[in-house]
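A look at the structure
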Amino acid sequence: MGDLPASASVVVIGAGVTGLSAGWWLAQSGIDVVVIDKGIVGWEASGRNGGGCSHYQSPLFAEEQRLWPQMDELLGYPTEYVRERIIIQRDHALLDHYLAVGRMCTAMGYRVDPLDSAHAQALVPLTDESCLGGIHLRFGGHANPQRTVQAYAWALQDLGGRVLQHTPALAIETAGGRAAAVQTPRGRIACDALVVAAGPQAGLLLAPLGIDFPVTAARAEMIVTEPAPQMPIGGVDGNGLYGRQTLRGNLVFGGGPHEWIATTATGPAARPTSPLVRSLARRVAEMFPRAAHLNVIRSWAGIVENTPDGRPILDRCENITMATMSGVGFGLSPASGHAVRDLVVDGACSFAEISKLGLARFAGLAPDWREQRGWQA
Amino acid sequence: MRDRHALDGKIAPAEAHYGTVVVGAGDAGIAAALAAAGAGDTVLLVDENPVPGGLIGSDVPQFFGGRMTAAVQNAGRMVEQVFASNPALAAAFGAGIDVRLGTAAWGLYANGPALQAMPHAQLGLADTTRAWMVGFDRLVLATGARDLVLGFAGWDAPGVMGAQGLHALLVRYDALASRRVLILGSGGLACETALLAQARGLDVAGLVEVMDTVQAPAELARRVAAAGIPAYLGHSIAATRSGIDGIAAAILRSPAGADVAIACDTICLALGAIPATELLEAAGIAAGGAITLAGDAAGPAPDLAYVAAWSQALGRLAPADTIVCQCEAVSRADVLDVRPPHYLARPPALAARTLATLAGDGPAHPDQIKRLTRAGMGACQGRRCRTQVACLLAEAQGVPIEQVPVATLRAPVRPVPLHLLADWQETAAMAEGWDVWFGIPTQWTPYADIGTPREAEIVANGGNMHV
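Values in this document were obtained by computation on a predicted structure and should not be read as measured data.

Turning our eyes to something else, we now look at the overall build of chain A. On a plain count of helices and strands, chain A comes out with 10 helices and 17 strands. Its C-alpha atoms give chain A a radius of gyration of 21 Å, near enough to 21 Å, the size a compact globule of 377 residues would have. Considered along the principal axes of its C-alpha atoms, chain A spans approximately 65 × 45 × 40 Å. The buried share of chain A, taken over its 377 residues, is 65%. When contacts within chain A are restricted to residue pairs at least 6 apart in sequence, long-range pairs at least 24 apart make up 72% of them.

As structure tokens, this is what we get:
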């Protein structure tokens, strides 16, 4: 494990995918950056998710789309990125809904082709005539979260940045209203600027500074089957599920109810799954009848944070830049790190207007916003 | 206010509830079941045997090593054989215990810090026709022990198996397709396996021990010697010879460096066994309170210093392309260099990364090896490679194996087909509250529409817009 430096130009708290990408972007700008994490890189939901890269709603999306096809080359490590996605449905109302979503995306300039049942079956050989149709997104894609988080960490090291695992941030030291250092059990790291990308823990770290960073954590579950024959497009969602077929062939799918959990400074002691895995198995078997015989060989849960409106927070207060992508950070990561880099270095995002993602929108947020939404453990 | 997309209230109560549920119908499990029944409890006793032939072929739950006869494919015959080999089962039936054979326990769910949605603790079961959940006041896990596996050149050929696998095929199933077996190890497990095999008519080619002395207690060692079974002390396996039927010979390396060929069709790893506590590990909970371990599942961990000595001795002779993970075809070199699977490129930056550099950023976790190399990500659920990966990590980091975390186990701890695991009777609340992702409608509003009249229209379109 690397020695604890006495200081760094920028300290990033949180080696999730957003913090790692931010560190990588800062290192690309030649900035002396240290990313610290309570555990191992990408150990929470950044490394345990559906791998989707298709967030049409985000102001960062155009940059995300520009970057993903280049990421293997830019990082120097494989991410398993594959372009395009398909959403199939076996329920008329859901199919109509997604056809409407497709028309909305097309109107935004992201092409979506409607699929009738025959076309859908041709593109998704594991389904059958129970599939009524779907949409083919000629944008977006998917990648391997576990491989990608390690790729970011290694790439930022290759540029001279440092990643300190097993080094939790205990507190942020301030001087004159600015972040001056981060305290860890191994000592303190002084910094000129700070990035807080600590996921569910971000709120706890920022509260002593008088910054209300409204996030709350939940546990979401996925299941994995043994490999199936490779489909032409692995990024297939539908029937209430999100996920992908990996390049190895495994079907990896999640969806359905989540569980709100209490957040502690040290993070979750365990990330159990529940019998929800049986409802996931049912939906995968329904979506892919020709794969229903495949064994489920594991399941997992990831802990994600959500903001009150489910939208990202990307903001800077003095020399502290704060970032959460509210539960959909993986796909946005190439662009979110760029935005964080811009906020740290230039004070403003260079490639997108992101003012509506600031903390100011929560000025009137009721203190009991979690209770109002039923978002409590 | 309730979040209608949250999990609470959506998981059904178990379809049956028992005072005591016992998993595993070995001696300890049957004793626990009989004791509970004798005390007037309602008792369910499940045992995964006979394991379906397909799983036996996948080395689940033991390392069967492909040395089973076609008899394992005959389900009716296998049930008869399980009864014939375990007379105490009759007593369990006689005591009014609900005995279910061929029924695997694949998941244990109880409320804890990050799971509060369980209406009560439940055990997930599956046979070859369906999966279901049972509730319990007391749960006894008499799940036995599983094989401890280390690899060497050629160990992925049919005929290399574990002592638990050999015992199951020989005694429980009477379906072992071996004639001449060489046993690795000389401790109690190895000596007892040798004597059992010989008593059942197998030719025992000998014991191989990397240490300089027989590890078993003196009396047991004396019995093995008296049986004419040679012990190759200070020897390790340098290579194997295989033909169309798998293993044909083991090439041992003597302390003097000479190679000795031992003809055999089976090489049995008998270096120790691991208490089969997968259900607890996957649930992230410890035994205690309502849940107890019994029999070999409550037994001691294997002698890890001994395992490490074997791993190092085998590793010194193993070529770089020696397989570690059979499911995903991951070799020693793949693990030591954290190489990606064959379908991915290995660019120069990645080629400069190794297990040692990973450990330098560490301490490294076996789950990192899983995600980078895929070792342990296959259909056997890591049973055959977990110990090997832990040993390699310990060696790369220069630490005792005890200090290496255990690769994570996850439910289902037995492979269960999608259509069987599926809950076809899920609660109405589950279906009604289902959303692809959290069901927060404002999450999916296109950014340009935020704060415009179109926003309300899009939010009204519902939360199920995750693409």
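The rest of the description comes next.
Another point: the overall build of chain B. Helix and strand counts for chain B come out as 17 helices and 20 strands. In terms of C-alpha radius of gyration, chain B reaches 25 Å, essentially the compact-globule figure of 23 Å for 467 residues. Projected onto its principal axes, the C-alpha coordinates of chain B cover approximately 85 × 65 × 40 Å. For chain B, buried positions account for 56% of its 467 residues. Considering only contacts in chain B between residues 6 or more positions apart, those separated by 24 or more positions represent 68%.

Residues and elements named next belong to chain B. At a minimum axis distance of 10 Å, the contact between helix α6 (residues 188-199) and helix α7 (residues 218-226) shows a crossing angle of 35 degrees. In this structure, the crossing between α6 and α7 has a hand that is left-handed. Here α6 contributes Gly188, Cys191, Ala194 and Leu195 to the contact with α7, which in turn contributes Leu220, Ala221, Arg223 and Val224. Grouping the constituent residues of the contact of α6 with α7 by class yields six nonpolar, one polar and one charged.

What follows is about the interface of chain A and chain B. With 82 residues of chain A at the contact, the number on the chain B side is 74 residues. At eight residues, the largest contribution of residues to the side of chain A that touches chain B is made by helix α8 (residues 276-287) of chain A. Partitioned by chemical class, the residues of the side of chain A that touches chain B number 37 nonpolar, 28 polar and 17 charged.

Looking now at helix α9 (residues 329-346) of chain A. Residues and elements named next belong to chain A. Relative to the 26 Å expected for 18 residues at 1.5 Å per residue, α9 spans just 22 Å between its end C-alpha atoms, considerably shorter than the ideal helical length. Remark: the principal bend of α9, roughly 50 degrees, maps to alanine 335. Count one or two residues on from α9 and you reach glycine 347, which has phi positive near 80 degrees.

What follows is about the packing of helix α1 (residues 17-28) of chain A against α9 of chain A. All names here are of chain A. Packing of α1 against α9 leaves a shortest axis separation of 7 Å and a crossing angle of 45 degrees. One way to sum up the angle between α1 and α9 is to call them oblique. Viewed along their axes, α1 and α9 form a crossing whose handedness is right-handed. Where α1 abuts α9, its residues Val17, Thr18, Ser21, Ala22, Trp24, Trp25 and Leu26 lie against Gly329, Phe330, Ser333, Pro334, Ser336, Gly337, His338, Val340, Arg341 and Val344. Taken together, the residues that form the contact of α1 with α9 break down as nine nonpolar, seven polar and one charged.

What follows is about the nonpolar core. Considering soluble globular proteins, one finds that nonpolar side chains tend to be buried as a cluster. By size, the foremost hydrophobic cluster in this structure holds 285 residues, and its most contacted members are Val10, Val11, Ile13, Val195, Val196 and Val284 of chain A together with Leu141 of chain B. Filtering out sequence-adjacent residues up to four positions away, valine 10 of chain A remains in contact with Leu26, Ile31, Val33, Cys191, Asp192, Ala193, Val195 and Val344 of chain A.

Another point: the sheet that holds strand β13 (residues 246-253) of chain B. Residue and element names in this part refer to chain B. With antiparallel pairing, the three strands of this open sheet are ordered in space as β12-β13-β14. Where the open sheet ends on each side, the last strands, each with one partner, are β12 (236-243) and β14 (259-263). In this sheet, adjacent strand axes meet at a mean angle of 25 degrees when their direction is disregarded. The pairing of β13 with β14 spans five bridges and is antiparallel. Bridging from a neighbouring strand, arginine 253 pairs with aspartate 259 of β14. Helix α9 (residues 304-317) contacts β12 and β13 of the sheet and is inclined by roughly 60 degrees relative to β12.

This next bit is on α6 of chain B. Residue and element names in this part refer to chain B. A rise of 1.5 Å per residue sets the reference length of α6, with its 12 residues, at 16 Å; its end C-alpha atoms lie 16 Å apart and thus fit the reference within 8%. Every buried residue of α6 is listed here: Leu189, Ala190, Cys191, Thr193, Ala194 and Ala197. Its buried side turned inward, α6 meets α5 (163-172), β9 (180-184), β10 (203-209), α7, β15 (266-269) and β16 (273-275). In the segment just after α6, glycine 201 is the residue with positive phi, at about 95 degrees.

With that settled, consider the sheet that holds strand β11 (residues 236-238) of chain A. All names here are of chain A. Across the sheet, which stays open at both edges, the four strands sit in the order β4-β5-β3-β11 with mixed pairing between neighbours. Here the strands that pair on one side only, and so sit at the sheet edges, are β4 (112-116) and β11. Direction aside, the axes of adjacent strands within the sheet are offset by 30 degrees on average. Pairing of strand β3 (residues 82-89) with strand β5 (residues 133-142), which is carried by seven bridges, proceeds in the antiparallel orientation.

We now examine the environment of proline 363 of chain B. Following the sequence through the fold, proline 363 of chain B ends up in the loop between α12 (355-360) and α13 (366-373). Of the residues examined, proline 363 of chain B has 17 C-beta atoms within 10 Å and is grouped as partly exposed.

Residues and elements named next belong to chain B. Here strand β4 (residues 104-109) lies mainly inside the structure; six of its six residues are buried. Inspection of the sheet shows β4 paired to strand β5 (residues 122-126) by five bridges, in the antiparallel sense. In the sheet register, glycine 107 faces β5, and the bridge partner there is glycine 124.

This next bit is on the pairing of β3 of chain A. All names here are of chain A. Counting buried positions along β3 yields six of eight residues, so the element is predominantly enclosed. Two elements, β3 and β11, share three bridges in a ladder whose sense is parallel. Paired with isoleucine 88 across the strands is glycine 238, a residue of β11.

What follows deals with unusual backbone geometry. Here the bond from asparagine 49 of chain B into proline 50 of chain B is cis, since omega is 0 degrees, no more than 30 degrees from zero. Looking at the element boundaries, proline 50 of chain B is found in the loop between β2 (43-46) and α2 (53-57). The omega torsion across valine 60 of chain B and proline 61 of chain B is 0 degrees, close enough to zero to call that bond cis. Phi is positive for histidine 166 of chain A, which is not a glycine, with a value near 55 degrees. Mapped onto the fold, histidine 166 of chain A is located in the loop between β6 (162-164) and β7 (171-175). Even without a glycine there, the phi angle at aspartate 59 of chain B is positive, about 60 degrees. Among the structural elements, aspartate 59 of chain B can be located in the loop between α2 and α3 (75-84).

What counts and what doesn't
- Residues numbered from 1 in each chain as written.
- Chains lettered and ligands numbered in written order.
- Predicted model: local features only at pLDDT ≥ 70, side-chain atom pairs only at ≥ 80, totals over all residues.
- Helix = DSSP H or I, 4+ residues; strand = E, 2+ residues; numbered from the N terminus.
- Rg over C-alpha atoms; globule rule 2.2 N^0.38 Å.
- Buried ≥ 20, exposed ≤ 12 C-beta atoms within 10 Å, placed from the backbone.
- Contact = placed C-beta atoms within 7 Å.
- Axes fitted to C-alpha atoms, helices over the stretch in contact; angles between N-to-C directions.
- Left-handed = near helix turned anticlockwise from the far one by under 90°.
- Nonpolar A, V, L, I, M, F, W, Y, C, P; charged D, E, K, R; others polar.
- Expected span 1.5 Å × (residues − 1).
- Bend = angle between axes of the 7 residues up to and from the residue.
- Parallel < 35°, antiparallel > 145°, perpendicular 65-115°, else oblique.
- Core = buried A, V, L, I, M, F, W, Y, C linked by C-beta atoms within 7 Å.
- Pairing = 2+ DSSP bridges.

By themselves, these observations are geometric and do not establish any function.
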